[in-house]
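One-letter residues, chain by chain:
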Amino acid sequence: MNYEEIEEIVKNTLSEKRFNHSKGVAKRAAELASMYGEDMETARKIGIAHDIAKEMPKGEALKYARENGIMFDEIEQNEKGLWHSKLGAAIAVEKFGFTEDMAEAITYHTTGNVNMNTMDKIIYLADKTEAGRTYEDLELAREISNKSLDEGVLYVAKVALQYSLTKESLIHPDTVNLINKIVMNKKKENE
């Protein structure tokens, strides 16, 4: 399925605000893909589709998960805001014909993961640094992301962690493990 077809489905699925965010992620993903040697069109497709399940009603989400064998870990079960990543990945494979690698980028776009590849990191960063975001250090996050993929991931993961702590939300272990891995790699490089 081409980008325009995916965009039309996303437009008809999400609210205007969420659709605009998704367009921003698609644009930012293409920019980052260009910087880091990945396919820009693939990045755009993943970016536009990444939140396809974000506004799915709870009952519908649980039904879809059950029917498609999607399991939520303990943290995800208690943080509905994390469901859309796994659900969206499955929907993107089913509806848009995404490969498993493309779907993986959707799976990891919220929490991150220690096993992220370059495209996964691009989508993670695009989601957190697209132009429509409004957090205090957005420009700094964008600058860091433009210079180093791993430093950008580390920076935005720490911002997300701080946000979760402030809101007293549960923190997914994947985010903590991701931060720890990057910090350990930096320490090894500096030894």
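Above this text sits the structure in question.
From a predicted model like this one, the values you see are computed outputs, not experimental measurements.

Q: I'm lost on the pattern of salt bridges in this one. Help?
A: A side chain of one charge can pair with a side chain of the opposite charge if their charged atoms are brought near each other. Overall, the coordinates contain eleven salt bridges when judged by the stated rule. Across the pair arginine 142 and glutamate 31 runs a salt bridge whose closest N-O atoms are separated by 3.8 Å. With a gap of 111 residues between them, arginine 142 in helix 9 (residues 138-147) and glutamate 31 in helix 2 (residues 16-35) connect regions that are remote in the sequence. For glutamate 31, a relative accessible area of 28% puts it in the partly exposed group.

Q: Can you walk me through helix 3 (residues 40-49) in this structure?
A: Because an α-helix completes one turn every 3.6 residues, residues spaced three or four positions apart along the sequence face the same direction. Within the span of helix 3, buried status applies to Ala43, Ile46, Gly47, Ile48 and Ala49. Buried residues belonging to helix 3 abut helix 1 (3-13), helix 2, helix 6 (83-96), helix 7 (100-107) and helix 8 (118-129).

Q: Looking at this model, I keep getting lost on the packing of aromatic side chains. Mind explaining?
A: For any pair of aromatic rings, the description consists of the separation of the ring centres together with the inter-plane angle of the planes. One pass over the full model with this rule turns up two aromatic pairs. Ring centres of phenylalanine 96 and phenylalanine 98 lie 5.8 Å apart, and the angle between their planes is 50 degrees; this geometry places the pair in the tilted category. A single burial state applies to phenylalanine 96 and to phenylalanine 98, both of which are buried. Across from the ring centre of tyrosine 124, 4.2 Å away, lies the NZ or CZ of lysine 128, which sits over that ring.

Q: Can you help me understand the packing of helix 9 against helix 10 (residues 149-167) in this one?
A: Two quantities define a packed helix pair, namely the angle between the helix axes and the distance between the axes. Where helix 9 contacts helix 10, the two axes come as close as 6 Å, and the packing angle between them is 150 degrees. In terms of orientation, helix 9 and helix 10 fall into the roughly antiparallel class. Crossing handedness for the pair helix 9 and helix 10: left-handed. Across the interface between the two elements, Leu140, Ala141, Ile144, Ser145 and Lys147 from helix 9 touch Leu149, Glu151, Gly152, Tyr155 and Val156 from helix 10.

Q: Mind showing me how you'd approach unusual backbone geometry here?
A: If a residue is not glycine, its phi is most likely negative; likewise, a peptide bond is most likely trans. Of note in this structure, glutamate 168 is not a glycine but carries a positive phi near 55 degrees. Here glutamate 168 lies in the loop between helix 10 and helix 11 (173-190). For glutamate 168, a relative accessible area of 72% translates into the label exposed.

Q: Would you mind showing me how to read the environment of serine 148 here?
A: Relative to the helices and strands, serine 148 resides in the loop between helix 9 and helix 10. We classify serine 148 as partly exposed; its relative accessible area is 24%. A distance of 3.1 Å separates a polar side-chain atom of serine 148 from the backbone nitrogen of glutamate 151.

Q: Even after reading the chapter, I still don't get the packing of helix 8 against helix 10, so can you show me in this structure?
A: At a minimum axis distance of 10 Å, the contact between helix 8 and helix 10 shows a crossing angle of 45 degrees. On the basis of their axis angle, the class for helix 8 and helix 10 is oblique. In the packing of helix 8 onto helix 10, the handedness of the crossing is left-handed. The residues of helix 10 that touch helix 8, namely those facing Thr118, Lys121, Ile122, Tyr124, Leu125, Lys128 and Thr129, are Leu149, Asp150, Gly152, Val153, Val156 and Ala157. Of the residues that constitute the contact of helix 8 with helix 10, the class distribution is seven nonpolar, three polar and three charged.

Q: Hey, could you run me through the side chain of serine 145 in this one?
A: Position of serine 145 among the secondary structure elements: in helix 9. Within the structure, the side chain of serine 145 is placed 2.7 Å from the backbone oxygen of alanine 141, a separation counted as a polar contact.

Q: Where do I start with the nonpolar core in this structure?
A: General note: in soluble globular proteins, nonpolar side chains tend to be found buried as a group. Judged by nonpolar contacts, the single largest core of 51 residues is most densely connected at Val10, Ile46, Leu87, Phe96, Phe98 and Ile122. Setting aside residues no more than four positions away along its own chain, valine 10 makes contact with Phe19, Ser22, Ile48, Ala49, Ile52 and Phe96.

Q: Can you walk me through the environment of alanine 157 in this structure?
A: With respect to the helices and strands, alanine 157 occurs in helix 10. When its relative accessible area of 0% is taken as the criterion, alanine 157 is described as buried. Sequence-wise, alanine 157 and asparagine 180 are 23 residues apart; in three dimensions their C-alpha atoms are separated by 11 Å. If near-sequence neighbours (up to four positions away) are discounted, alanine 157 is found in contact with Tyr124, Thr175, Leu178 and Ile179.

How each quantity is defined
Residues numbered from 1 in each chain as written. Predicted model: local features only at pLDDT ≥ 70, side-chain atom pairs only at ≥ 80, totals over all residues. Heavy atoms only, no water. Salt bridge = Lys/Arg side-chain N within 4 Å of Asp/Glu carboxyl O. Helix = DSSP H or I, 4+ residues; strand = E, 2+ residues; numbered from the N terminus. Buried < 20%, exposed > 50% of the residue type's maximum accessible area, 1.4 Å probe, protein only. Contact = heavy atoms within 4.5 Å. Phe/Tyr/Trp six-rings, centres within 6.5 Å; stacked < 30°, edge-to-face > 60°. Lys NZ or Arg CZ within 6 Å of the ring centre and 35° of its normal. Axes fitted to C-alpha atoms, helices over the stretch in contact; angles between N-to-C directions. Parallel < 35°, antiparallel > 145°, perpendicular 65-115°, else oblique. Left-handed = near helix turned anticlockwise from the far one by under 90°. Polar contact = N/O pair within 3.5 Å; in protein donor to acceptor, adjacent residues only side chain to side chain. Nonpolar A, V, L, I, M, F, W, Y, C, P; charged D, E, K, R; others polar. Core = buried A, V, L, I, M, F, W, Y, C linked by side-chain atoms within 4.5 Å.

By themselves these figures say nothing about function.
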